[in-house]
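Close look at the chain arrangement
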Amino acid sequence: MTTEEILANLQTSFPGLAKAELPIKNYPTWTVPAQSLRVVCERLRSKFSFDYLDVVTATDWSGPASPKGYPRSPAVTPGATPAAGALARDVFEVVYIVSSLSAGLRICLRCEIPRTEGASVPSLYGIFMAADWQEREVYDMFGIKFEGHPNLIRILTPETQQGYPLRKDYEHIPDKFD
Amino acid sequence: MGIVLDNLSKIETLPGGEIALATSDSLINWARTSSLWPLTFGLACCAIEMMAAYAARFDFERMGVFPRPTPRQADVMFVAGTVAKKMAEPIIRIYKQMPEPKFVIAMGGCANCGGPFYDSYSVVKGVDKIIPVDVYLPGCPPRPEALMYAVIKLQEKIRKMKVKNGSGATPLQATGSRKLS
């Protein structure tokens, strides 16, 4: 079964599911609405033997970082419409890569959520156990809350870390080690 | 035992060669310099060079440098690599667990000053911000010969230590147990 057939099969139940305009590398890439993310993954795992979660990561699309790099200034004013042709928009995009080891298939799932302070997506923990630490890392770096995660605390930075470092508008506040 | 007493300062062999007189400083410092036991502890790529220094080609053990797996038995800590802020608390903790006198060699650019991570949100810019450092060893990473040179410099420092009043080779060591964050 090809990924096209799987997509067509899933689209009968989840009309929000679509092929992404911008694929990640040359992987088959789908966009998933946040509310159907969990059920789509459940279906992928149980019905289509996608039993391996490679990657959970995220992208902050709120414009390019300042060319000076650090500290960055916010490039997109929240709520404003982006310039024509620009990729920058006021969203976080959570990216999942799931694999089927038996069928030899790999699918990228992109899930856009509004870029707010308490941005959240449902956690995949329970479907893929590997989501545990990877979602904690995304939470650590982007501040995206994973609803239903059993232990959503920082994993790479100390508890004293202020803010979320990979957000484009992150500005470092000196702590006791600086 | 192969100890060449003539080469040690302030040690005098009495006629007959059965009794040697020495100041306690020279004997204690001789013992300390010849058995610098480092903690088995590496943080990043500098640790690879440190392991190479322990291995057969460079043979650190001929200098008395013999890695110990517990801080309770260690005299010197090679901070070999980038000190992330998450790692800062464990480093302070194992430093406190080492018995006095204890020495620290900051190995490589990251441990000296942050190195390429000088503006990072997650890296301690120099391990001397959290623990006192005796020898700074630059390089990215330093070769095993450079680490040996740092140990020789540390030995030179230890030879200047005095037992009297617990004074050490550095003002920081003279204060005994140090003030840590």
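For the structure, check the block above.
If you're wondering where the values come from, they're calculated on a predicted model, not measured in any experiment.

With that out of the way, let us pick up the side chain of Thr 33 of chain B. Mapped onto the fold, Thr 33 of chain B is located in helix H1 (residues 24-34). Judged by relative accessible area, Thr 33 of chain B falls into the buried class, the value being 4%.

Residue and element names in this part refer to chain B. Here we have 3 strands laid out as an open sheet, ordered S3-S4-S5, and parallel in their pairing. Two strands close off the open sheet at either side, each with one partner strand: strand S3 (76-80) and strand S5 (135-137). Within this sheet the neighbouring strands show an average axis-to-axis angle of 15°, counted without direction. Summarising the sheet, S3 and strand S4 (residues 103-107) pair through 5 bridges and their orientation is parallel. Paired with Ala 80 across the strands is Met 107, a residue of S4. Across the face of the sheet, helix H5 (residues 144-159) comes into contact with S3, S4 and S5 while running at roughly 150° to S4.

The next thing to look at is the nonpolar core. Membership of the largest hydrophobic core comes to 39 residues, with the highest contact counts inside it found for Leu 10, Trp 30, Leu 44, Tyr 96, Ile 113, Val 121 and Ile 144 of chain A. If you list the elements that add at least two residues to this core, you get helix H1 (3-13), helix H2 (37-48), strand S3 (52-60), strand S4 (91-100), strand S5 (105-114) and helix H3 (131-142) of chain A. Excluding its chain neighbours within four sequence positions, the residues that come into contact with Val 121 of chain A are Ala 34, Val 94, Tyr 96, Cys 111, Ile 113, Ile 144, Lys 145, Phe 146 and Glu 147 of chain A. The next biggest cluster of nonpolar side chains, apart from the first, holds 25 residues, and it includes Ala 47, Val 76, Met 148 and Ile 158 of chain B.

In this section: the interface of chain A and chain B. The interface is formed by 16 residues belonging to chain A together with 11 residues belonging to chain B. Both sides together, the interface formed by chain A and chain B hides about 1100 Å², and carbon and sulfur atoms give 59% of it. Summed over the shared surface of chain A and chain B, the result is 2 salt bridges. Between Asp 175 of chain A and Lys 85 of chain B there is a salt bridge, with the nearest N and O atoms lying 3.3 Å from each other. Where chain A packs against chain B, one counts 2 residue pairs in polar contact (both at pLDDT 80 or more).

Parameters and conventions
- Residues numbered from 1 in each chain as written.
- Chains lettered and ligands numbered in written order.
- Predicted model: local features only at pLDDT ≥ 70, side-chain atom pairs only at ≥ 80, totals over all residues.
- Heavy atoms only, no water.
- Helix = DSSP H or I, 4+ residues; strand = E, 2+ residues; numbered from the N terminus.
- Buried < 20%, exposed > 50% of the residue type's maximum accessible area, 1.4 Å probe, protein only.
- Pairing = 2+ DSSP bridges.
- Axes fitted to C-alpha atoms, helices over the stretch in contact; angles between N-to-C directions.
- Contact = heavy atoms within 4.5 Å.
- Core = buried A, V, L, I, M, F, W, Y, C linked by side-chain atoms within 4.5 Å.
- Buried area = accessible area lost by both parts, 1.4 Å probe.
- Salt bridge = Lys/Arg side-chain N within 4 Å of Asp/Glu carboxyl O.
- Polar contact = N/O pair within 3.5 Å; in protein donor to acceptor, adjacent residues only side chain to side chain.

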